[in-house]
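So the chains spell out like this:
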Amino acid sequence: MEANRRKFLIGTSLVAASASMAGYKEMLGTAVTMGRKGRAAKDAIYADAQETEGVIATSFDKNSAFSLRNAVCNGCTSHCGMRVKIDNATGKVVKASGNPYNPLSTDPWLPYNTPLEESFVLLGKETGHTYRSTACARGNVVFDRHYDKGRVLTPLKRVGKRGENRWQSITPEQLLKEIVEGGDLFGEGTVKGLAAIRDLETPMDPNDPKCGPKANGLCVLGTGNEGRQAYMVNRFIGAFGTRNYMGHTAICGLSMRSGEAAYLGDFKGYPHLKPDFEHCEYLLTIGTAPAQAGNPFKRQAKLLAKARTFGKLKCVTVAPMLTNADALAAGDRSEWIPIQPGGDLAFVMGLLRVMIEEELYNASYLKLPSETAQKAFNDASWTNATHLVIQSGEKTGHILAQEEAPLVLEEETGVLKPASEVLQGRLFVDTQVEFQGETIGVKSAMSLLREAALAHTLEEYAQESGVSVERIVRTAREFASHGRKAAVDCHGGTMHTTGFYTTYAIMMLGAMVGNLNYQGGMSAGGGKYKDFNGAKYNLLGFPGKVASQGYRVDRARFAYEKTTEYAQKVARGENPYPAKDTWYPLTNALESEVIFNSAKGYPYKLDALISWNANFIYGQSGANALEELLKDPKKAVPLIIAIDPFINETSRFADYIVPDSVMYETWGVVSPWAGYQTKANSVRFPTIAAPQATFANGEPVSMDSFVIELGKALGLPGFGEGAIVGKEGEKYDFNRPSDFYLRAFENIAIDGSGVPECSDEEIELAGLEPYVKLLQNTCGQNWRKTAYVMARGGRFEEKEKGYVHGKLAHPYKKPIQIYNEPLGTARHALTGEPFSGVPTFMPARLARGEKLFALYPKEKFPLSAFSYKSNVLSQATASSQMIKEIRPTTYIDLNPQTAAQQDVSHGQKVRLVSPGGSVEGRVRLRHGVLPGAVAIEHGAGRDGEGALDVWIDGQKIEGCALRKSGANINKLGIMDSSRELATLSDFVIGSNARQALPVRIETI
């Protein structure tokens, strides 16, 4: 490794030298001679550096010109803890750095009870390197979104047709009146208002009561949970009574989330795993790359660097492109396995075949059939590998059980017994058993997995994946050799038509070595302190909360076999298959299906859509087809209300836009998404004043305040006087967002043994003086404890509490599903085909089974396109001008070999064409892209958030051409020709397919 590092250093020195000779001679000469060039700096020594926030000697002397408050960055979905510097003269954010108490911003993080002043002093001494808390490229500059000229600061109503980007300002009062009452709002005919839609008694469809009440005519689309989702879902959705709330998972990482849900046996909670990066010895990361993708980005990068430098970690990245996770500086601690886009399922099934054939799995662990056996062997988890799956009859696919207790064959005796009474079960079973007077054919879950893995040869897996047989075998052996300190990771790279089974297979590698809940293995996270439902308040429940009923408009969480349509076909003696369209009983939500399904009226048509910071037009592969549906109010949704601080690609088709607060103006409570082993809650409160128009009570118009005022205007339960109920029956008013969020902070503060009280000195140092009266009025005797949490940006358990004797202190407790029964007993609604209950290989396909690359052959589309996560850009950063100074645009990345074959050159403008669309961009040559593949960095090529011209009150706000530059892979998305009005998706779970798209290059 040291030799490789020397080569790396020598190489970079030569590159730097040649670059300086080639292009920087003048600049170098100026620097060496200390000459002047360009605008003179403010100071000869410190240049244009800001005035410091304080001075550190033996203590921290804070500069009174600034306030320092803890916050949470929303520049990406990691939501790292921040320390924000505010100029008291202007009230503006001038700098953002990491919060040293927060594990997402530093490692190790400061012990929670470290005095606030000491937290500043420590960062200025030699210990500053230990607790250094950083912000990434996004976090350092993205706060300039607050001051973008394109921000929506007052409610807007469209003028003219949808999508023309012409608006007029209206008052908050007019906004509420019109959307509640409806009427002929645009001279295009009567539009039903929200008051009329909120009908909990009248059926949506008199011929199909299972559609639920007319209140289901409202759908709310959100984004990732940035700390306010519980507020929207439990207070507003729960009060309105609609079934229809969807986040953005379907267009983000649903294939990964659902595959892990199958592995972990929880299609309701959708848990997920991440490696224990810090202690892992062998990391196989597939279709994602720590430091480049796979939330939390920054923390993963820190831990990966430490583990490869000071630990024993070897990181193996399996992807079509060489990413930031692979580096020459890491020497033999790093490996890149190039793979065909979408070839990951074949590759992993090949690994499983090798591990099973060569018996590289942990047999003793896999034979543990129950929690009882797990405890007896002092293990950290268990699986259903020995459970028996019925192979014929009405119960085919079900696990053999007696009164819901699974049965296994005991290892020693071969006797059929309840799993809880057996310490070791037989791993491979293919036999008949006598049970309750019947002879039943059964196979063990492990036998079914073996059959699936051996269904194809290693040569076939190699052909499909583009990875050689030798490398598949070597990787399987190396992975298994590290035992419980081998781990896996995946994310958005699995968003293709077989991504669900891909993820299930990737996770199954962990089961083979038994790594769940072990230090250095896989973790479901450290959990959190009780926040919205805690010791003093249940903020998620309230009198009058509605239990919603009926189908969801996305047809998720409901089996076709339980629908009225199915029952009617069976009653008529017909084959119930195919259904009119797909149903997704195992899927949590499908934002990508909503508009299409409403346009089809299946299961019903929507009356109104509230889009809250959602941007499916930009984020959904193949969304071009949605634009025409949104332009005409009669086609899909008669009323669209967007809650958004900017006019993005989706909200430009709205009828009304409600402004929302941005970043450091917002409230919220959020916990790390993954990649941590200790309890953690980050809290967010308005660190600066929001500039929006206000309601009559002085609250700036935002999602939070809008929902309260809308709830009161509709007469919904859960808003207004006495709407918040304490655990002891006390009632509190709910008229402002602070009424909700400060009580969540209070729950966090008093959970368990609670936190200390915040002193006056710390209140001043944390910039909390403006909140003292509000805290006292809201939290009563707990106000100083609540302030203590705010002063540290949340509550964070000490790092050393993450492990106990080589195992995780916060383990995942459900069994691993080698065979998933709900999956194995489900059928495809269009084909009637039963789904495999274990991971299995199948080529890319449409919903009805047609092979994708047979429809779009290599002769017409010789290349395969995929997107990769940017380490700088994100969907949320388009309105940051400073981000564009760091990463101005994106490119169409090609291997030089591919470019030569296509007769294109570096910098040339080309058109990339798929069966579903096209996109233009400039070629960038990269040796780190697999030949035959096309890589596109995600986050540019915008048609919203300041990229296009907008007219408000007759005044033109000119668009920024730089924001429009770059390529957006989602414009290449394909429609599924086997369905009516639907984009290409995973055939089991419905996740939007944006990877492995067949394309060709055309010169311009």
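As the structure is a prediction and not an experimental result, all values here were calculated from the model. (Residues numbered from 1 in each chain as written. Predicted model: local features only at pLDDT ≥ 70, side-chain atom pairs only at ≥ 80, totals over all residues. Heavy atoms only, no water.)

### A few points about the overall build of the protein
Cut-off, in case you're wondering: A run of H or I in DSSP counts as a helix once it spans at least four residues, and a run of E counts as a strand once it spans at least two, with each numbered from the N terminus. What the globule rule says is 2.2 Å times the number of residues to the power 0.38, and the radius of gyration is computed from C-alpha atoms. Only protein chains enter the accessibility calculation, which uses a 1.4 Å probe; a residue is then buried when its area is under 20% of its type maximum, exposed when over 50%, and partly exposed in between. Any two residues whose heavy atoms approach within 4.5 Å are treated as being in contact. To be clear on the numbers: accessible area is Shrake-Rupley with a 1.4 Å probe, and residue cover counts the displayed protein chains and nothing else. Charge assignment: positive for Lys and Arg, negative for Asp and Glu; neither His nor the chain ends contribute. To locate a charge, take NZ of a lysine, CZ of an arginine, CG of an aspartate or CD of a glutamate.
Counting secondary structure elements, the protein contains 30 helices and 41 strands. For a compact globule of 1004 residues, the expected C-alpha radius of gyration is about 30 Å, and the protein comes in at 29 Å, within 12% of that figure. For the C-alpha atoms alone, the extent of the protein along its principal axes is close to 85 × 75 × 65 Å. With 1004 residues in all, the protein has 60% of them scored as buried. Taking as baseline every contact in the protein between residues at least 6 positions apart, the subset at least 24 positions apart corresponds to 71%. Here the protein has roughly 37,600 Å² of accessible surface; of this, 51% comes from carbon and sulfur atoms. Seen as two clouds, the 113 positive and the 110 negative side-chain charges of the protein have centres 3 Å apart.

### A closer look at the nonpolar core
Rule in force here: We call a set of buried Ala, Val, Leu, Ile, Met, Phe, Trp, Tyr and Cys residues a nonpolar core when their side-chain atoms join them within 4.5 Å.
Formed by 93 residues in total, the largest nonpolar core has its most connected members in Leu-284, Tyr-501, Met-512 and Ile-818. By residue number, the principal contributor to this core is helix α16 (residues 499–513), which donates 11 residues. Setting aside residues up to four positions removed in sequence, Met-512 forms contacts with Leu-352, Met-355, Ile-356, Tyr-361, Asn-362, Leu-366, Met-446, Leu-449 and Ile-818. Among the nonpolar cores identified, the runner-up in size contains 89 residues, and Val-121, Leu-176, Val-658 and Trp-783 belong to it.

### A closer look at the confidence of the model for the protein
Cut-off, in case you're wondering: Confidence per residue, as judged by the predictor, is encoded in pLDDT with a range of 0 to 100.
Taken over all residues, the pLDDT of the protein has a mean of 94, while the share at 70 or more is 95%. A low-confidence stretch, residues 4–25 (pLDDT under 50), is modelled with 10 contacts involving residues beyond four sequence positions or located in other chains. In this model, residues 27–35 is a region of pLDDT below 50 whose contacts with residues beyond four sequence positions or in other chains number four contacts.

### Overview of the sheet that holds strand β31 (residues 794–796)
Strand pairing in a sheet takes place through backbone hydrogen bonds and is either antiparallel or parallel in direction. Definition in use: Pairing between two strands is assigned when DSSP locates at least 2 bridges connecting them. Axes, fitted as lines to C-alpha atoms, cover a helix only where it is in contact. Angles between the N-to-C directions of the axes lie from 0 to 180 degrees.
The three strands lie next to each other as β27-β28-β31, forming an open sheet whose pairing is antiparallel. If you trace the sheet from one side to the other, it starts and ends with β27 (668–670) and β31, each paired once. Ignoring strand direction, the axes of neighbouring strands in this sheet form an average angle of 15 degrees. Sheet analysis places β27 next to strand β28 (residues 680–684), joined by three bridges and oriented antiparallel. Paired with Val-670 across the two strands is Ser-682, which belongs to β28. Contacting β27, β28 and β31, helix α22 (residues 737–750) runs over the sheet at an angle of about 40 degrees to β27.

### Notes on the packing of helix α7 (residues 229–240) against helix α21 (residues 703–714)
Think of two packed helices as two axes; the pair is described by the angle between the axes and how far apart they sit. Condition: Here the angle decides the label: under 35 degrees means roughly parallel, over 145 means roughly antiparallel, 65 to 115 means roughly perpendicular, and every other value means oblique. Left-handed describes a crossing whose near helix is turned anticlockwise from the far helix through less than a right angle; right-handed describes the clockwise counterpart.
Between α7 and α21, the shortest axis-to-axis distance is 11 Å and the interhelical angle comes to 15 degrees. In terms of orientation, α7 and α21 fall into the roughly parallel class. α21 is crossed by α7, and the crossing has left-handed handedness. Together, Tyr-231, Met-232, Phe-236 and Phe-240 of α7 and Met-703, Asp-704, Ser-705, Val-707, Ile-708, Leu-710 and Leu-714 of α21 make up the contact between the two elements.

### Considerations on the packing of aromatic side chains
Filter applied, for reference: Two aromatic rings, drawn from Phe, Tyr or Trp (for Trp, its six-membered ring), form a pair once their centres lie within 6.5 Å of each other, and the interplanar angle then sorts them: stacked below 30 degrees, edge-to-face above 60, tilted otherwise. Distance and angle both matter: a charge sits over a ring if NZ of Lys or CZ of Arg is within 6 Å of the ring centre and within 35 degrees of the ring normal.
For the structure on display, the rule yields 32 aromatic pairs. Relative to Phe-240, the ring of Phe-236 lies with its centre 5.8 Å away and its plane at 40 degrees, an arrangement referred to as tilted. Here the residue Phe-236 and the residue Phe-240 both occupy positions in helix α7, the gap between them amounting to four residues, near one helical turn. Each member of the pair Phe-236 and Phe-240 is classed as buried. Every member of this aromatic cluster is reached through a ring pair, and the members are Tyr-231, Phe-532, Trp-667, Phe-719, Phe-734, Phe-740, Tyr-741 and Phe-745. Over the ring of Tyr-788 we find Arg-792, and its NZ or CZ is 3.7 Å from the ring centre.

### Quick notes on empty space enclosed by the protein
Let me state the cut-off plainly: Both cavities and pockets are sets of points on a 1 Å grid over the protein atoms alone; in a cavity a 1.4 Å probe fits but cannot get out, in a pocket the set is open with protein on both sides within 12 Å along at least five of seven lines, and lining residues sit with an atom within 4 Å of a point. Grid points are joined across faces, edges and corners, and a volume is the space filled by probe spheres set on the points. As a working rule, the residues Ala, Val, Leu, Ile, Met, Phe, Trp, Tyr, Cys and Pro are called nonpolar, Asp, Glu, Lys and Arg charged, and the rest polar, with Gly in that last group.
Enumeration according to the criterion identifies five cavities of 30 Å³ or more in this entry. Together, 13 residues line the second largest cavity, and Glu-278, Arg-299, Gln-677, Lys-799 and Tyr-803 are the ones closest to its centre. Classifying every residue of the lining of the second largest cavity gives five nonpolar, three polar and five charged.

### A closer look at the sheet that holds strand β7 (residues 166–169)
An order of β11-β10-β24-β25-β26-β6-β7-β39-β40 is seen for the nine strands of this open sheet, with the pairing classed as mixed. Taken across any chain shown, the strands that pair with only one partner, and hence form the sheet edges, are β11 (244–246) and β40 (955–957). The mean angle between the axes of side-by-side strands here comes to 25 degrees, regardless of whether they run parallel or antiparallel. Examined bridge by bridge, strand β6 (residues 156–158) and strand β26 (residues 656–658) share two bridges and lie antiparallel to one another. The partner of Leu-156 across the bridge, within β26, is Ile-657.

### Considerations on the side chain of Thr-475
With respect to the element layout, Thr-475 can be found in helix α15 (residues 469–481). Given a relative accessible area of 2%, Thr-475 falls into the buried group. Contact partners of Thr-475, with chain neighbours within four places excluded, come to Tyr-282, Leu-284, Ile-337, Phe-347 and Leu-351.

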